[in-house]
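Coordinate analysis (summary)
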Amino acid sequence: MMLAKLFIAFFKIGLFGFGGGLAIIQIIYDSIKEFANISPEQFANIVAIAQVTPGPVAVNSATYVGYEVGGYLGSALATLGVATPAFIIIAMVA
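As a starting point, this report considers the structure included with it.

Side note on helix H3 (residues 40-52)
The terminal C-alpha atoms of H3, which comprises 13 residues, lie 19 Å apart, in line with the 18 Å expected from a rise of 1.5 Å per residue. Within the sequence span of H3, burial applies to Phe 43, Ile 46, Val 47 and Ala 50. Taken around the axis of H3, the buried residues stretch over an arc of 95 degrees, which confines them to a single face. Those residues of H3 that are exposed and angled more than 90 degrees off the buried face are Glu 41 and Val 52. Where H3 is buried, its residues touch helix H2 (25-32) and helix H4 (57-93).

Some thoughts on the nonpolar core
In globular proteins that are soluble, nonpolar side chains generally tend to be buried together. Judged by nonpolar contacts, the single largest core of 22 residues is most densely connected at Phe 10, Ile 32, Ile 38, Phe 43 and Val 65. If you list the elements that add at least two residues to this core, you get helix H1 (2-16), H2, H3 and H4. Among the elements that take part in this core, H4 stands out by supplying six residues, more than any other. Other than its neighbours up to four places away in sequence, Phe 43 contacts Ile 25, Ile 28, Tyr 29, Ile 32, Ile 38 and Val 65.

With respect to the side chain of Ser 61
For Ser 61, the position within the fold is in helix H4. Residue classification places Ser 61 among the buried residues on the basis of a relative accessible area of 0%.

Here's the deal with the side chain of Ser 75
For Ser 75, the location among the structural elements is in helix H4. Of note is the side chain of Ser 75, whose polar atom sits 3.2 Å from the backbone oxygen of Thr 63. Setting aside chain neighbours within four positions, we find Ser 75 in contact with Thr 63, Gly 66 and Tyr 67.

Here we look at a nonpolar patch on the surface
Residues Leu 15, Phe 16, Ile 89 and Val 93 make up a contiguous nonpolar surface patch of about 400 Å² in total accessible area. Secondary structure elements with two or more residues in the nonpolar patch: H1 and H4. Along the chain, the position of Val 93 falls in helix H4.

Observations regarding the packing of H1 against H2
Between H1 and H2, the least distance of the axes is 10 Å, while the angle of their chain directions is 155 degrees. Classified by the angle their axes make, H1 and H2 are roughly antiparallel. By crossing handedness, the relation of H1 to H2 is classed as right-handed. Counted together, Ala 9, Phe 10 and Ile 13 of H1 and Ile 27, Ile 28, Ser 31 and Ile 32 of H2 form the full contact between these two elements.

What counts as what
- Residues numbered from 1 in each chain as written.
- Predicted model: local features only at pLDDT ≥ 70, side-chain atom pairs only at ≥ 80, totals over all residues.
- Heavy atoms only, no water.
- Helix = DSSP H or I, 4+ residues; strand = E, 2+ residues; numbered from the N terminus.
- Expected span 1.5 Å × (residues − 1).
- Buried < 20%, exposed > 50% of the residue type's maximum accessible area, 1.4 Å probe, protein only.
- Arc of directions from axis to C-beta.
- Contact = heavy atoms within 4.5 Å.
- Core = buried A, V, L, I, M, F, W, Y, C linked by side-chain atoms within 4.5 Å.
- Polar contact = N/O pair within 3.5 Å; in protein donor to acceptor, adjacent residues only side chain to side chain.
- Patch = residues over 30% accessible without salt bridge, like charges linked within 9 Å, V, L, I, M, F, W, Y side chains within 5 Å.
- Areas by Shrake-Rupley, 256 points an atom, 1.4 Å probe, with all protein chains shown as cover.
- Salt bridge = Lys/Arg side-chain N within 4 Å of Asp/Glu carboxyl O.
- Axes fitted to C-alpha atoms, helices over the stretch in contact; angles between N-to-C directions.
- Parallel < 35°, antiparallel > 145°, perpendicular 65-115°, else oblique.
- Left-handed = near helix turned anticlockwise from the far one by under 90°.

Here it is in structure tokens:
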């Protein structure tokens, strides 16, 4: 059940988050507070790690938060959740 909530939360973030990764950091934190026990300091470390690693900040943050919540499966679901809306929209446009 928690993994489904994780996927849905990141799907909404990917669908409604505009302005790039740094613009949606607060949306990510607000969305995960209800089911993830991540402190503001720990989330700040997540954002710092996401900025250092190659790739988009939103995807890297989703991957790390997913891992903290649900291990490898949570990591995969959070990453798919944040990336799927973009794939669907581009597929519809193309």
